[in-house]
Each structure stands twice: as C-alpha cells, then as structure tokens.
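The primary structure of each chain is shown beneath.
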Amino acid sequence: MSVRATARLRAEPDGRGSTALPVLESAGPLALRRTRSPLPTHARVTVVGAMSAPLNGDRLAIEAEVTDGAHLTVDAAAATVALPGARPDGEPSTYDIHLNVGERATLQWLPEQLVSAHGSDLHQTTRVELAPTARLLLREEQILGRHGEPTGALTTRLTVRRAGRPLLDQQLAYGPGAPGGWDGPAVLGGHRAVGQLLLADPSFEDTPLPARLLGPTAALTPLAGPAVLVTALAADARLLREILDDAVRELLDGLTADTGNG
C-alpha cells in the first residue's frame, strides 16, 4: 500500500524579536519537530523520518510558509532514502516541497542528503516563491546509490520565483530512463554525489558576484536576479558536504563584510 502524506508548517514573528510556529503539522513518515536554534531570531524545525519512505508509489509533500519578518531554519535528522517497493500502476514515488518566503523574511532550507537506492524511482520537485526582500539559503544533495550499488531512477526539479518572476528553473535526471550521457564525462564523470546550493539575498543587487570555479568539481554561477547558484560534484556524500559547507561560509562571510562596509 502506498503512502500519501503532506506535512505543513508556518513561521511568523512572535512580537518579541523571535519567530513562532503556529502551524507544525506532521503527516505519515514526515515528523516535524521544533528544535533549539543557535540563532535567537530564528525558529528551527527538524524533519524526522517516522518510517521508511519514500517507497515506489508513495506521494509525500511538505508545505512551508515564512511570513513577513519571520526567520526559519529547517533541517533533517537523517538522510532521505528513496527505496524500491510496491509500485501501483508502474508509477514512481513523488516528493513535493513548496516553500513561500515573505517580505524581510529568511528561510534556511538545509535537509540531509537524498539517497537514490537501487531499484527506486523518485520524482522530487521543490518550488519556492520569494518576496522581493526575502532571503533564502537552500541546499540539495543527491547521492546516486548506496555503497557498492548502482543508482535508482531519480528526477529532481528546482523552481524558484522572486516577486513573481523566474529566478531559477532546473531539472536533473539520473539512472535508468534518464537521457543518455547522464553519467558520462560531460555530466558526472564518474562521480556519485551531486549538490546544489542557492543563496538569494537582496544585497546581491548592489554587489553581484562573478562566475568562477570553486575547485576542480564545483562552480559558482550568478543568476538573473540577486542570487547565486553553487553546483558541485564529489565522489561521496562526505566530500560533497565539505565543498558546499566551504561555499556557504565564504558566501555568508562575504555578505557580512559587505554589510559592515555599508
């Protein structure tokens, strides 16, 4: 039997300089837990897997809203593993994430890795709506196969709109059924860990960053808006996280320096 579940959360200012969570609804395998935030202005929510999911045929979703002036960090207790399983009518599993960030609000969306196990078939979509003064730090990591096994079928799409206009629309596909060459030298080149890091901040309108390499397997690309995208490849999850963590530190340190100089 397949699982259908939608978890929901909403963050809003609490009137005392911090952020409240008036909506925190878990569902099925998606358990949402408020956890302690190191930032006094931020609420923090950790996604805890309450059961093995997604299996082929499951329909999972998370909806998160950060209202005007609120600040929210969302992370996860463990990696998400897409698994094979009963597959009604030959359909893949789906995992849909909908994020809405209001004026002067901040969202740090930092889940753990998505692991595509052999025999699984998952379509993941992430859709983000940003207000003009919203700030977003979003990380996605895909690990193609568990240790010693080939990858499953995985399609991911990341769509971000700012002030109603497209900022980023990117689709990636790996494994059985993906377009030819997905694991060739022009794409993955034998790597099995892929990551994206998106940082959107209004300050980039005044100080846009140039495109550049961040080592042999990572690159920073400015977008047509106040945002940058870091794309990285690595041999495994640990090395990928190191690359993305270094990129986060460098980008945030640069924003802090620019703010101080202003």
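The structure reproduced in this document is the subject of the present report. For clarity, every value in this text was computed on a predicted model and none was experimentally measured.

1. Considerations on the overall build of the protein chain
And step 1. Helix and strand counts for the protein chain come out as one helix and 18 strands.
And step 2. At 18 Å, the protein chain has a C-alpha radius of gyration in line with the 18 Å of a compact globule built from 262 residues.
And step 3. With the C-alpha coordinates aligned to their principal axes, the bounding extent of the protein chain is approximately 55 × 40 × 30 Å.
And step 4. In the protein chain, which comprises 262 residues, the proportion classed as buried is 47%.
And step 5. Here the contacts in the protein chain between residues at least 6 apart in sequence split such that 71% fall between residues at least 24 apart.
And step 6. Summed over all atoms, the accessible surface of the protein chain reaches about 12300 Å², with 53% contributed by carbon and sulfur.
And step 7. For the protein chain, the centre of its 24 positive side-chain charges and the centre of its 30 negative side-chain charges are spaced 3 Å apart.

2. Section: the nonpolar core
Across soluble globular proteins, nonpolar side chains have a tendency to be buried as a group.
And step 1. Formed by 53 residues in total, the largest nonpolar core has its most connected members in Leu72, Leu107, Trp109, Leu130 and Leu198.
And step 2. With near-sequence residues (within four places) excluded, Trp109 lies in contact with Ile62, Ala64, Val74, Ile97, Leu99, Leu137, Leu138 and Arg139.
And step 3. Counting residues in each nonpolar core, the second largest holds 20 residues, with Phe204, Val230, Ala247 and Val248 among its members.

3. Side note on the sheet that holds strand S14 (residues 165–174)
And step 1. If you trace the seven strands from one edge of the open sheet to the other, you get S2-S1-S5-S8-S11-S13-S14, paired in mixed fashion. A strand with exactly one partner marks an edge of an open sheet, and here the two such strands are strand S2 (19–25) and S14. Ignoring strand direction, the axes of neighbouring strands in this sheet form an average angle of 10 degrees.
And step 2. Sheet analysis places strand S5 (residues 59–66) next to strand S8 (residues 93–101), joined by eight bridges and oriented parallel. Across the sheet, the residue bridging to Ala64 is Leu99, located in S8.

4. Re the side chain of Ser93
And step 1. Along the polypeptide, Ser93 turns up in strand S8.
And step 2. Setting aside its immediate chain neighbours within four residues, Ser93 contacts Pro54, Leu55, Asn56, Gly57, Asp58, Arg59, Asp121, Leu122 and His123.

5. A word on the side chain of Ser116
And step 1. Note on placement: Ser116 falls in strand S10 (residues 114–116).
And step 2. On the basis of relative accessible area, Ser116 is assigned to the buried category, the value being 1%.
And step 3. One polar contact links the side chain of Ser116 to the main-chain amide nitrogen of Gly152, over a distance of 3.2 Å.
And step 4. In this structure, Ser116 is in contact with Ala82, Ile143, Leu144, Gly145, Arg146, Glu149, Thr151, Gly152, Ala153 and Leu154, ignoring residues within four places of it in sequence.

6. Notes on empty space enclosed by the protein
And step 1. Enumeration over the complete set of coordinates arrives at one cavity of 30 Å³ or more.
And step 2. The space that makes up the largest cavity amounts to roughly 30 Å³.
And step 3. Every residue along the wall of the largest cavity is listed here: Leu130, Ala131, Pro132, Ala134, Arg162, Ala200, Asp201, Pro202 and Pro226.
And step 4. Of the residues contributing to the lining of the largest cavity, the split by class is seven nonpolar, no polar and two charged.

7. Overview of the packing of aromatic side chains
And step 1. Here the structure, examined in full by the defined rule, presents one aromatic pair.
And step 2. Relative to Trp182, the ring of Tyr174 lies with its centre 6.4 Å away and its plane at 75 degrees, an arrangement referred to as edge-to-face. Trp182 shares its class with Tyr174; the two are buried.

8. A short note on the environment of Ala211
And step 1. Note that Ala211 resides in the loop between strand S15 (193–200) and strand S16 (212–213).
And step 2. For Ala211, a relative accessible area of 55% gives the class exposed.
And step 3. Remark: the alpha-carbon pair of Ala211 and Thr221, spanning 10 residues in sequence, is separated by 4.8 Å.
And step 4. Setting aside chain neighbours within four positions, we find Ala211 in contact with Leu220 and Pro222.

9. Looking at the pattern of salt bridges
And step 1. Taken as a whole, this structure holds 16 salt bridges when the rule is applied.
And step 2. Taking the shortest distance from any N to any O, the salt bridge between Arg241 and Glu112 comes out at 3.2 Å. Taken together, the residues Arg241 in helix H1 (residues 237–261) and Glu112 in the loop between strand S9 (106–110) and S10 connect sequence positions 129 residues apart.
And step 3. You can call Glu112 partly exposed: its relative accessible area is 26%.
And step 4. Linking Glu149 and Arg146 is a salt bridge whose minimum nitrogen-to-oxygen distance equals 3.0 Å.
And step 5. A relative accessible area of 22% means that Glu149 is categorised as partly exposed.
And step 6. For Arg146, a relative accessible area of 40% translates into the label partly exposed.
And step 7. It is possible to trace a salt-bridge network through shared partners that takes in Glu112, Arg139, Glu141 and Arg241.

So, how was this worked out
- Residues numbered from 1 in each chain as written.
- Predicted model: local features only at pLDDT ≥ 70, side-chain atom pairs only at ≥ 80, totals over all residues.
- Heavy atoms only, no water.
- Helix = DSSP H or I, 4+ residues; strand = E, 2+ residues; numbered from the N terminus.
- Rg over C-alpha atoms; globule rule 2.2 N^0.38 Å.
- Buried < 20%, exposed > 50% of the residue type's maximum accessible area, 1.4 Å probe, protein only.
- Contact = heavy atoms within 4.5 Å.
- Areas by Shrake-Rupley, 256 points an atom, 1.4 Å probe, with all protein chains shown as cover.
- Lys, Arg positive; Asp, Glu negative; His and termini not counted.
- Charge placed at Lys NZ, Arg CZ, Asp CG, Glu CD.
- Core = buried A, V, L, I, M, F, W, Y, C linked by side-chain atoms within 4.5 Å.
- Pairing = 2+ DSSP bridges.
- Axes fitted to C-alpha atoms, helices over the stretch in contact; angles between N-to-C directions.
- Polar contact = N/O pair within 3.5 Å; in protein donor to acceptor, adjacent residues only side chain to side chain.
- 1 Å grid on protein atoms, 1.4 Å probe; cavity = no way out; pocket = protein on both sides within 12 Å on 5 of 7 lines; lining within 4 Å.
- Points joined across faces, edges and corners; volume = space filled by probe spheres on them.
- Nonpolar A, V, L, I, M, F, W, Y, C, P; charged D, E, K, R; others polar.
- Phe/Tyr/Trp six-rings, centres within 6.5 Å; stacked < 30°, edge-to-face > 60°.
- Salt bridge = Lys/Arg side-chain N within 4 Å of Asp/Glu carboxyl O.

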